[in-house]
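# Structural features, examined
As a plain string of letters, each chain reads:
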Amino acid sequence: MQPRHTQFAQLAIVALLIIGCIAVLLPFVGTLLFAIVIVITAWPLYARLLTALRSRHTLAALTMSLALVVLLGVPMSLLSGSLASGLDMLAKAVRPLIENGLPADPPELLSRLPLIGSAITDYWHRLVDSREELNGLLRQVLDPARKVALTAVTIFAQGLLQLLLVTFFVFFIFRDAHIYAGALLTAARKLGGPLGERMLKLARGTITGVMVGIIGTAAGQALVGMIGYLIAGVPGVLMLTFATFIFAMVPVIGPTLIWGGAAVWLYDQGQTGWAIFMLLWGMLGISSVDNFIKPVLISRTAAQPLLLIVVGVFGGVLVFGFIGLFLGPTLLALGQALIREWMADKGAELARPEQP
């Protein structure tokens, strides 16, 4: 038997090694988990591709990675350029107001509004007479808009960088997935037996269900948005539709930036009625889709109670950020499985007759 101090030294070395590995992997945990989510969701497609390519794992993984770049990277790059151009146009539109001030009289549409038209006219004239008050109003309006725009630009820039890293992880996970899957199944059997296998299957089903819910909801919002853009006559419908689809998957901003920008463009073109229509369509149509479709899709696909899914999604986002969309429901589903297993074991023990 080894001396006690030797055992302590070995334990300390193992603990330091584990801490070092965690410290190295910690900056990539979110990206790696997202890559795993993509692999789990796209696995049926990869399995078919692997069969068509006669089990050439490297070629199949490379094809899936390139498809991911084409489907997400290229449109996001185009959207980044469009967003930068839109910010430049907004700055050019606001600059005359800062330099020359407001026109002497408000637009007739505002001054003729019932009940509040006269108050708007009086406030407008007060802004024209007081440069300081006008500057204060512009700051109140422009500061939140500038923060939202900078947040959107930052999200796109970080998204492009993370997409490259995710693609890197996706390639290697797909290529060696048969090795990882065997090791994971062996570990689940050793740790939990049949329960470990069931929990592994449950985690996969929950992650797939959440991804289906997110993508399905984003597609629904994009479809509703496309109908509104076509009705209102907004140019660049395909680009706006894809932008709505992408932003619908972003928890912080959502598609409001897209349909709100379309409404601002319509108003700037003098189409006030269509601008109001776009605002109502965005609030009552596009944004409301998320509240109805996502929980239903996730709960049906993941075969979990709706309350558990909703609490898991929102709680996961608050605790873990974007990746919490998947971690929250998965953790609650696994916890529910453990509780049910424990209650079943307790019930079996209580039902077992006592030995004489």
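Structure report, in brief. (Residues numbered from 1 in each chain as written. Predicted model: local features only at pLDDT ≥ 70, side-chain atom pairs only at ≥ 80, totals over all residues. Heavy atoms only, no water.)

## A short note on the overall build of the protein
Each helix and strand in the protein was counted, giving 14 helices and zero strands. The secondary structure elements of the protein, listed N-terminal to C-terminal, are α-α-α-α-α-α-α-α-α-α-α-α-α-α. Taking all 356 residues of the protein together, the buried fraction comes to 32%. In the protein, once contacts between residues fewer than 6 apart in sequence are set aside, the share between residues at least 24 apart is 66%. (Helix = DSSP H or I, 4+ residues; strand = E, 2+ residues; numbered from the N terminus. Buried < 20%, exposed > 50% of the residue type's maximum accessible area, 1.4 Å probe, protein only. Contact = heavy atoms within 4.5 Å.)

## Overview of the packing of aromatic side chains
Here the structure, examined in full by the defined rule, presents 10 aromatic pairs. Between F28 and F169, the ring centres sit 6.5 Å apart and the planes meet at 85 degrees, which makes this aromatic pair edge-to-face. One end of the pair, F28, is in the loop between α1 (4-25) and α2 (29-41); the other, F169, is in helix α7 (residues 131-175), and 141 residues separate them in sequence. The structure contains a cluster of three or more aromatic residues connected by ring pairs, namely F28, F168, F169, F171 and F172. (Phe/Tyr/Trp six-rings, centres within 6.5 Å; stacked < 30°, edge-to-face > 60°.)

## Quick notes on helix α10 (residues 237-247)
The buried fraction of α10 is high, at eight of 11 residues. Every buried residue of α10 is listed here: V237, L240, T241, A243, T244, F245, I246 and F247.

## Structural notes on the side chain of S65
Following the sequence through the fold, S65 ends up in helix α4 (residues 57-100). Assessed through its relative accessible area of 5%, S65 is described here as buried. Only 2.9 Å separates the side chain of S65 from the backbone oxygen of A61, close enough to count as a polar contact. (Polar contact = N/O pair within 3.5 Å; in protein donor to acceptor, adjacent residues only side chain to side chain.)

## Section: the nonpolar core
Of all hydrophobic cores here, the largest spans 35 residues; its most connected members are V170, F174 and F326. At the level of secondary structure, the elements contributing two or more residues to this core comprise α2, α3 (43-52), α4, α7, α9 (194-232), α13 (306-320) and α14 (324-351). In terms of residue count, α9 provides more of this core than any other element does, eight residues in total. Apart from the residues within four sequence positions on either side, V170 is in contact with A35, I38, V39, S65 and L68. Among the nonpolar cores identified, the runner-up in size contains 15 residues, and A243, I258, A262 and L266 belong to it. (Core = buried A, V, L, I, M, F, W, Y, C linked by side-chain atoms within 4.5 Å.)

## Remarks on a nonpolar patch on the surface
The grouping of V14, I18, I22, V24, L25, L26 and V29 at the surface amounts to a nonpolar patch, some 640 Å² of accessible area in total. Top element by residues in the nonpolar patch is α1. It accounts for five residues. Residue position: L26 is located in the loop between α1 and α2. (Patch = residues over 30% accessible without salt bridge, like charges linked within 9 Å, V, L, I, M, F, W, Y side chains within 5 Å. Areas by Shrake-Rupley, 256 points an atom, 1.4 Å probe, with all protein chains shown as cover. Salt bridge = Lys/Arg side-chain N within 4 Å of Asp/Glu carboxyl O.)

## Let's talk about unusual backbone geometry
Even without a glycine there, the phi angle at R54 is positive, about 60 degrees. Along the chain, R54 turns up in the loop between α3 and α4.

## Let's talk about the packing of α2 against α9
Running from N to C, α2 and α9 point in directions that differ by 95 degrees, and their axes come no closer than 9 Å. Taken together, α2 and α9 sit at an angle that is classed as roughly perpendicular. From α2, V37, I38, I40 and T41 reach across to α9, where they touch R204, I207, T208 and M211. Among the residues making up the contact of α2 with α9, the classes are represented as five nonpolar, two polar and one charged. (Axes fitted to C-alpha atoms, helices over the stretch in contact; angles between N-to-C directions. Parallel < 35°, antiparallel > 145°, perpendicular 65-115°, else oblique. Nonpolar A, V, L, I, M, F, W, Y, C, P; charged D, E, K, R; others polar.)

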